[in-house]
Amino acid sequence: MLIKELTDLNGVSGNEKEVRDFIKDKINNFCDTIKIDSIGNIIAYKKGINSKFKVMLSAHMDEVGFIVSGHTDKGFLKFKPVGGIDDRILPGKRVLVGKKRLCGVIGSKPIHQQEKDEREKISKVKNLYIDIGAESKDEAEKLAPLGEFISFDSEFIEFGKNSIKAKALDDRVGCAVLIEALKNSFEFDLYACFTVQEEVGLRGAQVAAYNVMPDVALVIEGTTCADVPNVEPYEYSTIQGNGAALTIMDRTCICDKELVQFLHDVAVKNNIKVQYKQTTSGGNDSGQIQRTGTGVKTASISVPCRYIHSPVSVMSRSDYESVERLTIAALNQMSKNKDFLKSLSKLTSGKEQLTK
Amino acid sequence: MNIIKNLEYLSELIGVAGFEENAAEKVAELFKDYCDTVKVDKFFNVICLKKGYNKSAKKLMITAHIDEIGFLVNSIDEKGFLGITNVGGIDSKILLAQEVIIHGRQDIIGIIGATPPHLLKPEDVGKPIKIRDLRVDTGFEGVELKKVVSIGDTVSFKSKFSIMNDLKASGKSFDNRASVACLLEILRYLREVNHENDIILVASTQEETTVVGVTTASYAIRPDAAIVIDTSHGDIPDLSKDYSSTPGKGPEISIGPNLHPKMVTKFFELGRENGISFQKMVEAGDTGTEAWATQVSASGIPTALLSIPIRYMHTAVETVNIEDIKYTARLVAEFAKMNSEELVEVLCL
């Protein structure tokens, strides 16, 4: 399964090569050109039947993880998080260090040896360390030099009725959708952008969108899903099993209203489960793409992921299918729907007039 | 017989304290080839007898517990989340984002999720979650889940046995399956040895909760001396030297009121004479092991304690240095080779 293959790869922000090489290989036969830009984005171009408009699809290849930042005298690694990771989940977790995927564990003081105040305290990441079985500083430095990237070690597992657990569902689900979308042909020029460094500030998308300068952009993501015990229903954000999640507003952008409505209509028309993301927390590449050049009509379609940014992100297979179906149906609809293209045309001509 | 393969096999057996039946059967199967008799008693202790050549000689008991920490299901909600309670001492702080296996009518996977940090109630910020507040995500709806899982079903850590930097391994329940692997290694060393005393190996149960396994086994066997093999804390940045030992430098031999002083001294001698690495650990009272119960079982049993240092005890990522299992096995085998006259001399205070 494509998502299994994608989530087994390690690609912490700034170190996406493994993911990039895999995807390049997968899409090679389905596009006209593949360009790797200066920061490491893949820009896959598929010429349309009528190249009047440019549609950009975007998904980020990178995942949250860690980077080696020091070595102790006894051979333990000190590390810093890359991207937003909740300190609370770290003690006692397994990691893979560097290209050789060395087995490492994030240590913690055994419960037997903790004083009462220690039992009540959460360790900050700066006080944690990784054990790779090295016995001296020298050995640790040799095995895992400064700057080596570290990923969560977590297998892709199918469980329950319809659930999938893996690391990096955010945003390999998006990568998978883009790979599938490229197998179709459309009226417009399609630019499938697999971006880098989303988790450290939407860095790759900024460069990719500038180079593509699209008319419309769809960002395909994994997003927060908090429909779990101890959370009030109004804070659920998204609900697992309720289908593709459309963002109205988040921390980085207010999505294009017309485009969001269009996506919703396409979903309803095609019997694809769809929901609106209820909370405005989080953000993704759409924030950066929207503000590119003279501005881009942007929306995002997301797979709800419980326990996102942890080694055990959980999604429903049916939600993923909804996102994939909605994305491709929307692209097909854009291809066919004259009104939609006309509204784009208005925007484009307006842009040209201003330039003149 | 490969020690790493044995450790992998043993550590992956499921035997939450009080529910060791299946693990006990598997362990008994492993011991069969090396012993004269093997039986599983009513507490699921596996008791193996390796007869000495002299019927009227002494009885030496060697124990290592086979149970592991885990959980029991104590609630099932409509959305398919389970509540759990711990069996044995478990730090709730290692449980967020932990994978578990729920042993219902069939085994199913569970994920212990974490509430996103921005949705924590203000009074919960900065505080570790309590085990009773954890919820296990099963991916099933409540109705379906209840067909598979019942209150009281056991839950164990899901882990992946991994080799770490060649000589080390990491996985679950090395406390105390590393010591069970050591029992097998001892039997391998003793295979060709014509020893005088009866050697009785006990793979005992319920150490993590009430120590009832070894207590009852001790009464049943009434040995002349006992050696308990367990795990201890390996050195990590947050532990001081007098509370931890260095993995790779041999077992901890404990010193203190819980242990028979002359047995302890004998172990030091055997280590030095045979060039087997060991470390010393001072325990002022309760060693927190089966040695505490064994010492006062029946009419009193002289007891020694050897502990294999492991790091991150009671987590799903316990780590051990394989050499330490070998050092421990060699030391115990040397002790077991003593004839009854030598043993009586050691036991005489």
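Each chain carries its own residue numbering, running from 1 in the written order of its sequence. Both sets of labels track the order of writing: A upward for chains, 1 upward for ligands. Selection of residues for local features in this predicted model requires a pLDDT of at least 70, selection of side-chain atom pairs for listing and counting requires 80 or more, and totals for whole chains, interfaces and linings are taken over all residues.

Enquirer: For this particular structure, what's the right way to read the overall build of chain B?
Expert: Helix and strand definitions follow DSSP, with helices as H or I runs of at least four residues and strands as E runs of at least two, each counted in order from the N terminus. Broken down by element type, chain B carries nine helices and 17 strands. Radius of gyration here is computed from C-alpha atoms only, and the compact-globule reference equals 2.2 Å multiplied by the residue count raised to the power 0.38. A compact globule built from 349 residues should have a C-alpha radius of gyration of about 20 Å, and chain B, at 21 Å, falls within 12% of that. The principal-axis extent of the C-alpha atoms belonging to chain B is close to 70 × 40 × 40 Å. A buried classification covers 58% of the 349 residues belonging to chain B. Counting other C-beta atoms within 10 Å of a residue's own tells you its class, since 20 or more makes it buried, 12 or fewer makes it exposed, and anything in between is partly exposed; those C-beta atoms are placed from the backbone.

Enquirer: Could you clarify how one ought to interpret the overall build of chain A in this entry?
Expert: Looking only at helices and strands, one finds 10 helices and 17 strands in chain A. Relative to the 2.2 N^0.38 estimate, which gives 21 Å for 356 residues, the radius of gyration of chain A is 21 Å and therefore close to what a compact globule would have. If one aligns the C-alpha atoms of chain A with their principal axes, the spans along those axes are about 70 × 45 × 35 Å. Residues classed as buried in chain A amount to 56% of the 356 residues present.

Enquirer: Got a minute to help me understand the domain arrangement of chain B in this structure?
Expert: Interface size is commonly expressed as the accessible area that is lost once the parts come together. Residues and elements named next belong to chain B. Looking at chain B, the domain boundaries give domain 1 (3-68 + 172-347) and domain 2 (70-157). The distance between the C-alpha centroids of domain 1 and domain 2 comes to 33 Å. Between domain 1 and domain 2, the contact holds 12 residues from the first and 12 residues from the second. Amino acid classes used here: Ala, Val, Leu, Ile, Met, Phe, Trp, Tyr, Cys and Pro are nonpolar; Asp, Glu, Lys and Arg are charged; the rest, including Gly, are polar. Its residues placed into classes, the side of domain 1 that touches domain 2 shows five nonpolar, four polar and three charged. Note: domain ranges come from an automatic or database domain assignment. Here the contact rule is simple: place C-beta atoms from the backbone, and any two residues whose C-beta atoms are within 7 Å are in contact.

Enquirer: Explanation requested: the interface of chain A and chain B in the structure shown.
Expert: Of the residues lining the interface, 46 residues belong to chain A; the matching set on chain B comes to 52 residues. Of all the elements in the fold, those that place two or more residues in the side of chain A that touches chain B are strand S7 (102-106), strand S10 (157-159) and strand S11 (163-166) of chain A. Of the residues assigned to the side of chain A that touches chain B, the class counts are 21 nonpolar, 14 polar and 11 charged.

Enquirer: Honestly, unusual backbone geometry in this entry has me stumped. Any pointers?
Expert: Of all residues except glycine, most have a negative phi; of all peptide bonds, most are trans. Between Asp170(A) and Asp171(A) the backbone carries a cis peptide bond, its omega angle lying at 15°. Relative to the helices and strands, Asp171(A) is located in helix H5 (residues 169-181). The omega angle of the peptide bond from Asp175(B) to Asn176(B) is 20°, so this bond is cis rather than trans. Its location among the elements puts Asn176(B) in helix H4 (residues 174-190).

Enquirer: Looking at this model, I keep getting lost on the sheet that holds strand S6 (residues 98-103) of chain B. Mind explaining?
Expert: Backbone-to-backbone hydrogen bonds join strands into a sheet, with any given pair of strands oriented parallel or antiparallel. All names here are of chain B. Should DSSP find at least two bridges between two strands, the strands are regarded as paired. In spatial order, the strands read S4-S5-S8-S7-S6-S9; together these six strands close into a barrel with antiparallel pairing. Strand direction decides the pairing type here: strand S4 (residues 70-76) and strand S5 (residues 81-87), joined by six bridges, are antiparallel. The residue bridging Ile76 from the neighbouring strand is Leu82, located in S5.

Enquirer: For this particular structure, what's the right way to read helix H2 (residues 17-27) of chain A?
Expert: Given 3.6 residues per helical turn, the α-helix brings residues three or four places apart onto the same face. All names here are of chain A. Considered for burial, the residues of H2 that qualify are Val19, Arg20, Ile23 and Ile27. One side of H2 carries all its buried residues, which in axial view fall inside an arc of 100°. Taken together, the buried residues of H2 touch strand S1 (33-36), strand S2 (42-46), H5 and strand S12 (189-195). The arc under discussion is defined with respect to the helix axis, by the directions toward the C-beta atoms.

Enquirer: What am I meant to see in the domain arrangement of chain A here?
Expert: Residue and element names in this part refer to chain A. Domain boundaries assigned for chain A yield domain 1 (2-63 + 167-351) and domain 2 (65-152). Each of domain 1 and domain 2 was reduced to a C-alpha centroid, and the two centroids are 33 Å apart. Between domain 1 and domain 2, the residue contacts involve 12 residues of the former and 12 residues of the latter. Each residue belonging to the side of domain 1 that touches domain 2 can be placed in one class, and the counts come to three nonpolar, six polar and three charged.

Enquirer: I'm lost on the environment of Thr231(B) in this one. Help?
Expert: Within the element layout of this structure, Thr231(B) appears in strand S13 (residues 225-233). Separated by 21 residues in the primary sequence, Thr231(B) and Glu252(B) have C-alpha atoms spaced 8.7 Å apart.

Enquirer: I tried to follow the sheet that holds strand S17 (residues 313-316) of chain A on my own but got confused; where do I start?
Expert: Residue and element names in this part refer to chain A. In spatial order, the strands read S10-S11-S17; together these three strands make up an open sheet with antiparallel pairing. Either end of the sheet is taken by a strand with one partner, and the two such strands are S10 and S17. Pairs of neighbouring strands in the sheet enclose a mean axial angle of 30°, with direction left out of account. Both S10 and S11 contribute to a ladder of three bridges, which runs antiparallel. In the strand pairing of S11, Ile157 is matched with Lys165. Here the axes come from fitting lines to C-alpha atoms, over the contacting stretch only for helices, and the angles between their N-to-C directions go from 0 to 180 degrees.

Enquirer: I would appreciate a short explanation of the packing of helix H6 (residues 261-274) of chain B against helix H8 (residues 322-337) of chain B in the present structure.
Expert: The angle between the axes and the distance between the axes are what describe a pair of packed helices. Residues and elements named next belong to chain B. Contact pair H6 / H8: the axes reach a minimum separation of 10 Å and the direction vectors enclose 110°. With respect to H8, the element H6 is oriented roughly perpendicular. Handedness of the crossing formed by H6 with H8: right-handed. Packed against H6, whose contacting residues are Lys266, Phe267, Leu270, Gly271 and Asn274, the element H8 presents Arg330, Leu331, Glu334 and Phe335 at the interface. Of the residues assigned to the contact of H6 with H8, the class counts are four nonpolar, two polar and three charged. Orientation labels follow simple angle bins: below 35 degrees gives roughly parallel, above 145 gives roughly antiparallel, 65 to 115 gives roughly perpendicular, and whatever is left gives oblique. Note: crossing handedness is left-handed where the near helix turns anticlockwise from the far helix by less than a right angle, and right-handed where it turns clockwise.

Enquirer: So what exactly am I meant to see when it comes to the pairing of S1(A) here?
Expert: Residue and element names in this part refer to chain A. Taken together, the four bridges between S1 and S2 define a ladder with antiparallel strand orientation. Across the sheet, Ile34 pairs through a bridge with Ala44, a residue of S2. As consecutive antiparallel partners, S1 and S2 are separated by five residues, and within that stretch Gly40 has a phi angle of approximately 115°, a positive value.

Enquirer: Would you take a moment to explain the packing of H5(A) against helix H9 (residues 317-336) of chain A for this structure?
Expert: Residues and elements named next belong to chain A. One way to put it is that H5 packs onto H9 with a least axis distance of 10 Å and a crossing angle of 40°. Put simply, H5 runs oblique to H9. In the packing of H5 onto H9, the handedness of the crossing is right-handed. Of H9, the residues touching H5 (which contributes Val173, Val177, Glu180 and Ala181) are Tyr320, Val323, Glu324, Thr327, Ile328 and Leu331.

Enquirer: Would you mind going over the confidence of the model for chain B with me for this structure?
Expert: Interpreting fine coordinate detail is not advised for predicted regions of low pLDDT. pLDDT gives the predictor's per-residue confidence on a scale running from 0 to 100. With 100% of its residues at a pLDDT of 70 or more, chain B shows a mean pLDDT of 96. The ipTM value of the predicted complex is 0.90, and its pTM value is 0.92.

Enquirer: What should I look at first to understand the pairing of strand S6 (residues 94-97) of chain A in this one?
Expert: Side-chain direction in a regular strand flips from residue to residue, so the side chains alternate between the two faces of the sheet. Residues and elements named next belong to chain A. Side chains of S6 alternate between two faces, with Arg94 and Leu96 and Val95 and Val97 buried alike. Sheet analysis places S6 next to S7, joined by four bridges and oriented antiparallel. Note on S7: the bridge partner recorded for Leu96 is Cys103. Here S6 hands over to S7 after four residues, with Gly98 in that stretch at a positive phi of 70°. Note that S6 and strand S9 (residues 149-152) share three bridges and pair antiparallel. The partner of Val95 across the bridge, within S9, is Phe152.

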